[in-house]
Each structure stands twice: as C-alpha cells, then as structure tokens.
Amino acid sequence: MKIFTAAQIRSWDQFTISREPISSIQLMERASATVANWISEHCKVRRKAVVLCGNGNNGGDGFAIARMLYMKGFDIDVFVNDPKGKFSEDAALNFKRLREISGVSVRTFSQIEQYSFDDKTIIIDALFGTGLSRPLADEYKVLVDRINEKDHLKIAVDVPSGLSADGLFDGNSSVLKADYTLSFQSWKRSFLHPETGKYTGKVIILDIGLSEKYKEATETSYFSTDDSFAGSLFIPRNDFAHKGNYGKAVIAGGSYGKTGAAVLATKSALKTGAGLTFTLAPQCGYNVLQTSCPEAMFMEGGDRFITHFEIDNDATIGIGPGLGIHRDTQKALFTFLKDYQNPLVLDADALNIIAGEKDFQLIPRHSIITPHPKEFERLFGKTENSFERLELAKEKAKEFSIYIVLKDHHTQVVTPEGNVYYNLTGNAGLAKGGSGDILTGILTSLLAQGYSAKHSCIVGVWLHGKAADFAAEKHSKESMLPTDVIDELGNVFNELNRRTERNL
C-alpha cells in the first residue's frame, strides 16, 4: 500500500471530488459516516461521546460524526473554540446542520474543566487532521494537555491532534494520546515511527472510496507491507520440484557460549524452506547443532570461534548470529568478503566487525544488512531520531547498493533506489534476544530459494512478524520465545497457500 504525504492526500481528495464526481461536502459526509459506523459498531457499551472540533475540515468531520452518532442513539456533547468563530466552508455547513438538532449541546473549550465525564464517555478528537503544519499552541495546547489527563477512551479522527502526518514536530510538542486512530484510506508515516506512533494507539484504516486512479498514478517512495502485499510476492512451492530447486543456504555463526544464536538462525532457515541448509560454526558447537538441527549439515569453521569461511559459490550465506568479534574471526571475515561477490545477509557481530573498520565497499552489491538501532549507529553514525536514521539509511543504501533492514516496531526495508517499505506485522514479544537471529535465517533462506534481495527483505520481514503475531496469540507477548516464532512459520505458510488457492 502506498503511503502519501499530507499534500498528496489533499490532492487525492481534490482529484476524487473532480473525477467521481462528488462534492467536497458529500465526501466529508462519506468519511464521517464511515467513522460513525465504526464507533457505533465497536463501542456498544459506551453510548456517550464528547466530540472536540476544530475550525477546519477535520472539525467538519467531527460535527458530522456527532450528528450521525446522535442519530444512532448516542448522548453527544460538542466542544469548539468559539461557536461564532470562522469555520471552513464545509465545516460551517456541518456545524449549521448540527445546531439544528436540539438534543446536542455545543460548549466552548473553556468549559471542559467543569464538564462531568462519566466512566462510559468516549472522547473523539476532531481538532486537526493532516493539514497541521506546526505544533499546537495557545488554547489547543491547553485543551489537549487536559484531555490527556483524562482516563477515558480516546478516538482520533484521521490523525491525533498535534501530530504531523509526515514526520516529527518539536519533541516537546503536545499531542493527543489516542487509544484508537481511525485514519482515512492509507497509513501516514508518523504512525510508523516510535517517537510519533506512540500517540496513535491502534490504527484502523478506513476506506472512504478515494480515487483508485490517483493512487495508481501518483508516485511515492514510501509503502506499507500488509498481508495482501506480502502475499502477492509469495512464490508457492512447485509440486514437481526437488531440493536442488530451492537453493543452498549457509548460516555462518556461533562461538563459544553463543551457539544458540546459530541454532535459531539455522532452524528458521530450515523452516522457511531452503532446499539444503548448512551451518558453518566452530567445532565447540558441533554436538549442539547436530542434535538440535539434524536436518542441517555441519561445516567446521574453527575451534572455539570461526577462523575461516569456505563457502561454495552456489550457496547463499547469512553471517553474524553469535559470531563473536575475536581478532581471528575479524581477519577471516574481511578475507572472505574481499573475494566473495554474491549478495549475502549480514547481521549482528558481522555488522559490528565491519563497523570497526568502516570498509563498507567490502559488502557485495545487493546484499542485505539487518542492523538494530545501536548497530546502525556503530556503522553509520548517530542520529537524533528514527526519522533522521531512516534518511541516513536511504543515503547509505544508495551509496553502497545494498538493502538495509532497519529493525524497529515497524521495521523498514530500505532499497538502493531510495524506496522504503514499512512492515505492519510483529509485536513487542519480539523484543527478546534471538529474534534477530531468526530473521537472518529467514532472509538467507528466501534469498537462497531465488527470491530477489528486495522481495526477500519485504516477504522475510513480514513473515517474521506474522509468525510472531501467531506466537503472541498462543503464548502472550511476555512469554513467547524465539523458538515459538519459528514453530509458527508453518502456520503462516499455510495461510499464504490457502490465500493463493482462493485466488486461482
């Protein structure tokens, strides 16, 4: 799914209005009805709502939502800055329609302190939408700060007020902290970064029928990876295939005390479907690996740590899990990279070794690196926030012709062309040691099977997160283990295959 800027979204509205054709007030009515229907359906035990409305079109949505919810049986109170103030044309019309309903009271923001909120009151935020271009100030800042103190269900319309759709305002800005954000048509970038996404609560994307032609024709560098998109890239298994058709994956990792990381990466490579899987590890991990991963073949790379990499040219290699940073391992890795030209996967200690020398030209073109924030900082330098980190990643991906998987709550796949794919699967249960090792195995396996580096990243990150979502449902985010995630990979593939069969 494409992610557009606030300016592109406004153009999308106007394109729809001019081409459908539909008037702007009719489009507002359609969007508001979608929100009102969602709230009515999902908030059945709460039948009282306070609607905070601004003077622009987001406020116009709020007035229409208030009217519609009242007609559905909700007890409604609306708050505005000044009932006699200047509203946008469509907001003014919806405000007039609302005032014609005697059962809905309209109050000013200054009256919020005296208002009696009961336990079942929903607070609906329709102060500002995607058009906000600066931090909240004056009475809006005071209002949002007060509302954030309330322990009531908060629902934001399109974008939580105080939040930019495109990025980050001043870190000290006031933003309404929503429990749900009902956003129109597509994700916004600010929903997908930790500094700003913390304000959205659960994001629900509502289809309000904006023009498909505009979406297809309009270019963007930002995309979201949902189930449908990842499924479209999935390659079903050929019934007449043999193991030679699905590649040779080699996991290079492990050192004394860190063999478990190599085990996790090997298991996930096996479960992701590589035709042949090998583990290059030191001799000290032999018994552990042969016992825990009998389907994989062992390749000795040293005694207590890896001291040499001897890999067949027809193999795809993932290097890093539990590798360690011993001086001899560093030397062996640099020697290997100087002669190896095929795309590979680099993670964990492989990245830490490279960070020490800053010799990024050794990384073969179209390879995949998977740094978490600290590893990225060691590689390319410190940034102030995740937005800056992403911009730097785009520069480095282009400079070195590599794919960068920026691990985060919504992990970003950054391509050499400067495109960014935000992943929508996964959960906080992955915040455990070993989760990254699993991802390395998945990516290496997909790359070995013939997926392009780009598609390996997109599908692999989605697959990793989807399996984690299944594991969290079964075990909880707190108790799920990385091995539980590996065990759920088969269920994800079953879902992908069922979906493929339905689409025939």
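Residues numbered from 1 in each chain as written. Predicted model: local features only at pLDDT ≥ 70, side-chain atom pairs only at ≥ 80, totals over all residues. Heavy atoms only, no water.

In the annotation of an unreviewed UniProt entry, the protein is listed under the name Bifunctional NAD(P)H-hydrate repair enzyme and assigned to Chryseobacterium bernardetii. Quoted verbatim from the Subunit (unreviewed entry) field of the UniProt record, the comment on the protein reads "Homotetramer." (UniProt positions renumbered as here; feature names shortened; annotations may be inferred.)

### Here's the deal with the domain arrangement of the protein
Structurally, the protein comprises domain 1 (22–216) and domain 2 (235–503). A straight line from the C-alpha centre of domain 1 to that of domain 2 covers 42 Å. Counting from both sides, the interface comprises 12 residues of domain 1 and, opposite them, 10 residues of domain 2. Here domain 1 meets domain 2 over a buried area of about 930 Å², counting both sides, of which 65% is carbon and sulfur. (Domains from an automatic or database assignment. Contact = heavy atoms within 4.5 Å. Buried area = accessible area lost by both parts, 1.4 Å probe.)

### Let's talk about the sheet that holds strand β5 (residues 153–157)
Taken together, the seven strands give an open sheet; going across it, the order is β3-β2-β1-β4-β5-β6-β7, and neighbouring strands pair in parallel fashion. Strands with a single pairing partner mark the edges of an open sheet, and in this sheet they are β3 (105–108) and β7 (202–206). This sheet shows a mean twist of 20° between the axes of neighbouring strands, independent of strand direction. Bridge analysis of strand β6 (residues 180–184) against β7 gives five bridges, and the strand direction is parallel. Residue pairing for β7: Ser183 is matched across the bridge by Ile205. (Pairing = 2+ DSSP bridges. Helix = DSSP H or I, 4+ residues; strand = E, 2+ residues; numbered from the N terminus. Axes fitted to C-alpha atoms, helices over the stretch in contact; angles between N-to-C directions.)

### A few points about the UniProt feature "binding site: K(+)" (unreviewed entry) in the protein
In this numbering, the UniProt entry assigns the feature "binding site: K(+)" (unreviewed entry) to Asn58, Asp125 and Ser161. Their sequence span is 104 residues, while the largest C-alpha to C-alpha distance among them is just 9.7 Å; these annotated residues converge on one region. Apart from the residues within four sequence positions on either side, Asn58 is in contact with Asp125, Ala126, Leu127, Phe128, Gly129, Val157 and Asp158. In this structure Ser161 touches Asp125, Leu127, Phe128, Leu136, Ser174, Val175 and Leu176, once residues within four positions along its chain are discounted. Of the polar contacts made by the side chain of Ser161, one reaches the side chain of Asp125; its length is 2.6 Å. (Polar contact = N/O pair within 3.5 Å; in protein donor to acceptor, adjacent residues only side chain to side chain.)

### Comments concerning the state of the cysteines
As used here, a disulfide is simply a covalent bond connecting the sulfur atoms of two cysteines. Applying the stated criterion to the full structure yields zero disulfides. With no disulfide of its own, Cys53 lies 17 Å from the sulfur of Cys43, the closest cysteine sulfur. Judged by its relative accessible area of 0%, Cys53 falls in the buried class. (Disulfide = S-S within 2.5 Å. Buried < 20%, exposed > 50% of the residue type's maximum accessible area, 1.4 Å probe, protein only.)

### A few points about the sheet that holds strand β8 (residues 222–225)
The 10 strands are arranged β8-β17-β16-β15-β14-β13-β12-β9-β10-β11 in an open sheet whose pairing can be described as mixed. The open sheet is flanked by β8 and β11 (297–300), the only strands paired with a single partner. Relative to strand β17 (residues 420–423), β8 runs parallel, the two being bridged by four bridges. Among the inter-strand pairings, Tyr222 is bridged to a residue of β17, identified as Val420.

### Observations concerning unusual backbone geometry
Residues apart from glycine generally show negative phi values, whereas peptide bonds are mostly found in trans. Cis rather than trans, the peptide bond between Glu20 and Pro21 has omega equal to -15°. Tracing the backbone through its elements, the reader meets Pro21 in the loop between α1 (6–19) and α2 (24–42). Look at Lys358: it is not a glycine, yet its phi comes out positive at around 60°. For Lys358, the location among the structural elements is in the loop between α12 (348–357) and β14 (368–369). Classification of Lys358 as partly exposed rests on a relative accessible area of 41%.

### Topic: the side chain of Asn94
In this structure, Asn94 sits in helix α4 (residues 89–99). The exposure class assigned to Asn94 is buried, which follows from its relative accessible area of 0%.

### With respect to the packing of aromatic side chains
Following the criterion strictly, the structure yields 23 aromatic pairs and no others. Aromatic side chains Phe79 and Tyr115 sit 5.4 Å apart centroid to centroid with 90° between the ring planes, which places their arrangement in the edge-to-face category. Placement of Phe79 in strand β2 (residues 75–80) and of Tyr115 in the loop between β3 and β4 (121–126) is noted, with a sequence separation of 36 residues between them. Pairing Phe360 with Phe380 gives two aromatic rings, centres 4.8 Å apart and planes at 40°, and the pair type is tilted. Residue Phe360 is found in the loop between α12 and β14, and its partner Phe380 is found in helix α13 (residues 373–380); the two are separated by 20 residues along the sequence. (Phe/Tyr/Trp six-rings, centres within 6.5 Å; stacked < 30°, edge-to-face > 60°.)

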